[in-house]
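# Chain and residue survey
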Amino acid sequence: MTLVGSVLKEYRVPPAQTSPRRSTKAEQRAESMEQILDAAELLFSKHGLHGVTLKDVAKEVGVHHTLLNYYFEDKKKLFDAVFARRAGVTIDRRMEALNAYDAATGGKPTVEGALHAFLDTDLDLYIEGGEGWRNYGALGALVSNTPEGSMLMDEHFDPVVLRLVEILEKAMPDCSREDIFWGYHFVTGALMLTLARTGRIDRLSGGLCSSEDFEAIKLRIATFMAAGFHAICKSRPAV
């Protein structure tokens, strides 16, 4: 097993845990909240913030819209809650994987290894985490190109992205910081298109490839992106 594989083995999606029994009222409230967040996540992933109303979410859940007003004062608060619910999971997993990888390499990482730590832990969530996680990925892809989504990305994901950049700088000490940031920009663009699951590659390849095949993506994306980093840094050395 490779060093990266050994490190990432610790960060698989954990099996479902049986929660301790709570009071009926607390349990019902938690279940209602999860149903609301799941329904809102699905609708927002398809239509974005401005294409969904609280009444739409209530209809999807099968409840009166006043229940949503009980939990959330407006649609933006619901949207923020949907985005934050899974963000913390993927951020923590990727940060742990990056830190573990950096430590395991003794401060001498490779570009591909760093990208595997950053990307594979996230892709595992979409491979093993079910349709809810895939809806969340599609939501991130959709809103990342909007002002509201960009601000949420800044708020939640900047620390883990900057940790990746820090490790990439160790891996490529002769590469300019500017090109490393451009490289990350191209990585995240490819990741967002992947998470969007548009089906275009399915049609374009005549069924040879599938936008749902996250295993195939995971097998290729870090290696492909690492080559891009090396290419731009070789042509534009740091000054």
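Description of the structure in this document.

What counts as what
- In this convention, every chain numbers its residues from 1, walking through the sequence in written order.
- Only residues with pLDDT of at least 70 are given local features in this predicted model, and only at 80 or more are side-chain atom pairs given and counted; all residues enter the totals for whole chains, interfaces and linings.
- Only hydrogens and water are removed before side-chain values are computed, so all heavy atoms of the structure are retained for them.
- Only DSSP runs of H or I reaching four residues or more are called helices, and only runs of E reaching two or more are called strands; each is numbered from the N terminus.
- Relative accessible area decides the class of each residue, using a 1.4 Å probe on protein chains only: under 20% of the type maximum gives buried, over 50% gives exposed, and in between gives partly exposed.
- A contact between two residues is defined here by any heavy atoms of the two lying within 4.5 Å.
- Planes of paired rings set the category: under 30 degrees apart is stacked, over 60 is edge-to-face and the rest tilted, where pairs are Phe, Tyr or Trp rings (Trp by its six-membered ring) whose centres lie within 6.5 Å.
- Whether a charge lies above a ring is judged from NZ of Lys or CZ of Arg, which has to be within 6 Å of the ring centre and within 35 degrees of the ring normal.
- The axes are straight lines fitted to the C-alpha atoms, using for helices just the contacting stretch, and the angles between their N-to-C directions are given from 0 to 180°.
- Should an angle fall under 35 degrees it is taken as roughly parallel, and over 145 as roughly antiparallel, whereas 65 to 115 is taken as roughly perpendicular and any remaining angle as oblique.
- Should the near helix be turned anticlockwise from the far one by less than a right angle, the crossing is termed left-handed; should it be turned clockwise, right-handed.
- Residue type decides the class: Asp, Glu, Lys and Arg count as charged, Ala, Val, Leu, Ile, Met, Phe, Trp, Tyr, Cys and Pro as nonpolar, and the leftover types, Gly among them, as polar.
- Our working definition of a disulfide is a cysteine sulfur pair at a distance within 2.5 Å.
- Each nonpolar core is a collection of buried residues, namely Ala, Val, Leu, Ile, Met, Phe, Trp, Tyr and Cys, held together in the definition by side-chain atoms within 4.5 Å.
- By the criterion applied in these results, polar contacts are pairs of N or O atoms within 3.5 Å in which, for protein atoms, one can donate a hydrogen and the other can accept it, and in which residues neighboring in sequence qualify only through two side-chain atoms.

### Digging into the environment of Ile 180
Residue position: Ile 180 is located in helix H9 (residues 177-196). The exposure class of Ile 180 is buried, given its relative accessible area of 0%. Residues contacting Ile 180, with those up to four places away along its chain left out, are Val 165, Leu 168, Glu 169, Met 172, Cys 175 and Phe 229.

### A word on the packing of aromatic side chains
Enumeration over the complete set of coordinates arrives at nine aromatic pairs. A centroid spacing of 5.7 Å and a plane angle of 80° characterise the contact between Trp 133 and Tyr 136, whose relative ring orientation is edge-to-face. Placement of the pair is Trp 133 and Tyr 136 together in helix H7 (residues 130-143), with a separation of three residues, close to one helical turn. Look at Trp 133 and you get buried, because its relative accessible area is 8%. Judged by relative accessible area, which is 4%, Tyr 136 ranks as buried. Joined through ring pairs, the aromatic side chains of Phe 83, Tyr 126, Trp 133, Tyr 136, Phe 157 and Phe 214 make up one cluster. The cationic tip of Arg 86 hangs over the ring face of Trp 133; the distance from NZ or CZ to the ring centre is 5.2 Å. Seen from the ring of Phe 118, Arg 94 lies directly overhead, with NZ or CZ sitting 4.4 Å from the centre.

### As for the packing of helix H5 (residues 75-104) against H7
When two helices pack together, you describe them by how their axes are tilted relative to each other and by the distance separating the axes. The geometry of H5 relative to H7 is characterised by a closest axis approach of 11 Å and an angle of 110° between their N-to-C directions. The pairing of H5 with H7 is recorded here as roughly perpendicular in orientation. For the crossing formed where H5 meets H7, the hand is left-handed. Taken together, the residues of H7 that come into contact with H5 (itself represented by Phe 79, Val 82, Phe 83, Arg 86, Ala 87, Val 89 and Thr 90) are Gly 132, Trp 133, Tyr 136, Leu 139 and Val 143. Partitioning the contact of H5 with H7 into residue classes produces nine nonpolar, two polar and one charged.

### A word on the environment of Val 160
Its location among the elements puts Val 160 in helix H8 (residues 147-171). Distance in space between the C-alpha atoms of Val 160 and Ile 91 is 6.5 Å, their sequence separation being 69 residues. If near-sequence neighbours (up to four positions away) are discounted, Val 160 is found in contact with Ile 91, Arg 94, Met 95, Leu 98 and Phe 118.

### Comments concerning the state of the cysteines
Tallied over the full model, the rule gives one disulfide. Here Cys 175 engages in a disulfide with Cys 233; their sulfurs sit 1.8 Å apart. Given an S-S torsion of about -55°, the disulfide between Cys 175 and Cys 233 has left-handed geometry. Of this pair, Cys 175 sits in the loop between H8 and H9 while Cys 233 sits in helix H11 (residues 214-235), and the two are 58 residues apart along the sequence. Given a relative accessible area of 7%, Cys 175 falls into the buried group. You can call Cys 233 buried: its relative accessible area is 10%.

### Observations concerning the nonpolar core
Counting residues in each nonpolar core, the largest one holds 63 residues, and the members touching the most others are Phe 44, Val 57, Leu 78 and Leu 115. Sequence-distant contacts of Leu 78, defined by excluding residues within four places in its chain, comprise Ile 36, Leu 37, Ala 40, Phe 44, Leu 54, Val 57, Leu 68 and Phe 72.

### As for the side chain of Ser 176
Relative to the helices and strands, Ser 176 resides in the loop between H8 and H9. Taking relative accessible area as the criterion, Ser 176 reaches 14% and is therefore assigned buried. A polar side-chain atom of Ser 176 sits 3.1 Å from the main-chain amide nitrogen of Asp 179.

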